[in-house]
Amino acid sequence: DVARSGRIGADWWVAIVVELDEGGNRTVLSMERERGLSLPEQLERLRSLGKRFDPEAIVVEANAFASFVSDEARRLTDLPIRPHTTGTEKASLEGGVPSLVVLFENGKYRISRMTDRDKAVTDELLHELNHFGWEGATVKGRGANDDCVMALWLAELGMRKPRRRVTSFSLR
């Protein structure tokens, strides 16, 4: 999830790196959540994660301001950026955010909680997952934030098409 402002109190920048194995199991290799990053800082974090994980795809939200970030990332790096404009499909039971429920229920996601940092960051993801649900005809976070959930869903979108390598990460 790209942040729209570098000010403290601004949106959260979230990057989740997920690896998919041949059995369809997903392992969250890394998760970063930061507030107040400027555009150059966001792009530098993106470059750093790209170098560290060599992903097959980096799905970046392309709604509103986020399209500027994805455009700049494509212009300034050689990373495999895949912009995604989020619409009503995020509420789809088959492929939207609700489809993550089945993957968690079937034990298809593994999340590292080995360090205190892992626990702090993934606690927010788990909190957001537990506060995500239906409101009328749409699905949305009912807590203060939904950035981690949306970043995880975007990473999932990046893994749905056949890839040579199975590491994907999302920036939302």
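In the block above lies the structure referred to throughout.
Residues numbered from 1 in each chain as written. Predicted model: local features only at pLDDT ≥ 70, side-chain atom pairs only at ≥ 80, totals over all residues. Heavy atoms only, no water.

A. Layout of the side chain of asparagine 25. On the secondary structure map, asparagine 25 appears in the loop between β1 (12-20) and β2 (26-35). Relative accessible area serves as the criterion here: at 17%, asparagine 25 is assigned to the buried category. Apart from residues lying up to four places away in sequence, asparagine 25 is in contact with Glu19, Leu20, Gly107, Lys108 and Arg110. (Helix = DSSP H or I, 4+ residues; strand = E, 2+ residues; numbered from the N terminus. Buried < 20%, exposed > 50% of the residue type's maximum accessible area, 1.4 Å probe, protein only. Contact = heavy atoms within 4.5 Å.)

B. Expanded view of helix α2 (residues 65-76). Taking 1.5 Å per residue, 12 residues should reach 16 Å; α2 reaches 17 Å between its end C-alpha atoms and fits that length. Restricting attention to buried positions, one finds in α2 the residues Ala66, Val69, Ser70, Glu72 and Ala73. Buried residues in α2, looked at end-on, bunch into an arc of 160°, giving them a common side. Looking at the packing, one finds that the buried side of α2 touches α1 (39-53), β3 (57-61) and β4 (81-84). (Expected span 1.5 Å × (residues − 1). Arc of directions from axis to C-beta.)

C. View of the pairing of β4. Across four bridges, the pairing between β3 and β4 is parallel. Each residue of the ladder has a partner; that of glutamate 61, found in β4, is histidine 84. At this point the chain moves from β3, through α2, to the parallel β4, and the crossover so formed is right-handed. (Pairing = 2+ DSSP bridges. Right-handed = clockwise from strand over helix to strand, strands pointing away.)

D. Here's a closer look at the nonpolar core. In this structure, Ile16, Val18, Val97, Leu100, Tyr109, Leu152 and Trp153 are the most contacted members of the largest nonpolar core, which totals 25 residues. Only β1, β2, α3 (99-105), α4 (116-130) and α5 (147-159) provide two or more residues apiece to this core. Leave out the neighbours within four places in its chain, and leucine 152 touches Ile16, Val18, Leu100, Phe104, Tyr109 and Leu125. Core analysis: the next-biggest nonpolar cluster, separate from the first, contains seven residues, Leu43, Leu46, Ile58 and Leu79 among them. (Core = buried A, V, L, I, M, F, W, Y, C linked by side-chain atoms within 4.5 Å.)

E. A look at the packing of α1 against α2. In contact at an axis separation of 11 Å, α1 and α2 are set at 55° when each is read in the N-to-C sense. By the criterion of interaxial angle, the relationship of α1 to α2 is oblique. Classified by chirality, the crossing of α2 by α1 is right-handed. Seen from α1, the contacting residues are Leu39, Gln42, Leu43, Leu46 and Arg47; seen from α2, they are Phe68, Val69, Glu72, Ala73 and Leu76. For the contact of α1 with α2, the class distribution of residues is seven nonpolar, one polar and two charged. (Axes fitted to C-alpha atoms, helices over the stretch in contact; angles between N-to-C directions. Parallel < 35°, antiparallel > 145°, perpendicular 65-115°, else oblique. Left-handed = near helix turned anticlockwise from the far one by under 90°. Nonpolar A, V, L, I, M, F, W, Y, C, P; charged D, E, K, R; others polar.)

This is a description of form; function is not addressed.
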